[in-house]
Amino acid sequence: SSTGYQWYSVKHRVLLVTLFVALFLSYPLGVIIGFFCGANEFRTTELNENVQSHNPLFDLQPRERFLFIFKNNMMVSFKCMLLGTFSFGICSLIYIFYNGFVLGYIIGEYANVLPANIIIRTTLPHSFEFLGIIIYGYVGFVLSGCLFTKRMIYNKFNLLFFIFFASMILLIAAIIESYVSIPE
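Residues numbered from 1 in each chain as written. Predicted model: local features only at pLDDT ≥ 70, side-chain atom pairs only at ≥ 80, totals over all residues. Heavy atoms only, no water.

## So, the packing of aromatic side chains
As enumerated under the stated definition, the model contains 14 aromatic pairs in all. Ring geometry for Tyr 27 against Phe 130: centres 4.7 Å apart, planes inclined by 5 degrees, an arrangement best described as stacked. One end of the pair, Tyr 27, is in helix 1 (residues 10-39); the other, Phe 130, is in helix 7 (residues 129-149), with 103 residues separating them in the sequence. For the pair shown, Tyr 27 and Phe 130 are each scored as buried. (Phe/Tyr/Trp six-rings, centres within 6.5 Å; stacked < 30°, edge-to-face > 60°. Helix = DSSP H or I, 4+ residues; strand = E, 2+ residues; numbered from the N terminus. Buried < 20%, exposed > 50% of the residue type's maximum accessible area, 1.4 Å probe, protein only.)

## Examining helix 4 (residues 62-85)
If you check helix 4, its first and last C-alpha atoms are 34 Å apart, about what 24 residues at 1.5 Å a residue would give, namely 34 Å. Those residues of helix 4 lying buried are Pro 62, Arg 65, Phe 66, Ile 69, Asn 73, Met 74, Val 76, Ser 77, Cys 80, Met 81, Gly 84 and Thr 85. If you follow the buried residues of helix 4, they end up packed against helix 3 (56-59), helix 5 (90-110), helix 7 and helix 8 (156-181). (Expected span 1.5 Å × (residues − 1). Contact = heavy atoms within 4.5 Å.)

## Comments concerning the confidence of the model for the chain
Averaged over all residues, the pLDDT of the chain is 85; the fraction at 70 or higher stands at 86%. Within the chain, no element has a lower average pLDDT than helix 2 (residues 44-52), which sits at 50, and none a higher one than helix 4, at 94. Contacts for the low-pLDDT stretch residues 1-7, under 50 throughout, to residues beyond four places or in other chains number 18 contacts. (pLDDT = per-residue confidence, 0-100.)

## With respect to unusual backbone geometry
Its identity is not glycine, yet Phe 88 carries a phi of approximately 60 degrees, on the positive side. Along the chain, the position of Phe 88 falls in the loop between helix 4 and helix 5.

## Here we look at the nonpolar core
Membership of the largest hydrophobic core comes to 25 residues, with the highest contact counts inside it found for Leu 16, Ile 96, Tyr 138, Val 142 and Tyr 154. Mapped by element, the contributors of at least two residues to this core are helix 1, helix 4, helix 5, helix 7 and helix 8. No other element matches the nine residues that helix 7 contributes to this core. Beyond its immediate sequence surroundings of up to four residues, Ile 96 is in contact with Leu 23, Ser 26, Tyr 27, Cys 80, Ile 133 and Ile 134. Grouped together as the second largest cluster of nonpolar side chains are five residues, Leu 57, Phe 66, Ile 69 and Ala 174 included. (Core = buried A, V, L, I, M, F, W, Y, C linked by side-chain atoms within 4.5 Å.)

Right under this line is the structure:
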């Protein structure tokens, strides 16, 4: 078929859209919950020492930093896809929520000692990278459907397009994170 669907049921399309929305919402929900958990920690003295300590990521040249960040984001994405493949998408949902929670927690902790403009400047420009991870998680769910039902939801070309598109999102986000978000 030209749409790439092998299942034509409205029920299945609703399920696919619902899962994508759930994956999409789990990350910001994790960030929000993590932020409030981290913001409630009153360890500002310890954090001031940590903020002043040196992060090895800052010592890397921008090109090396880009390769490190891109490789890390791809590994996170592949884990999300593989976990989703063998759990009918449930582990992808949990993994995406967890990644959002960790980011929110760190932002919440550092909100006690860093001005908001620094936090925003170092996270917002490349924040769309979570979309790439979500798409990988969605592909994991789709592959899970194929594995458990022995039916293709999308054709192989569409799945490869999703992976390519998600990888391009991660590539662009890594470039921005390396050259814009992290100051020289």
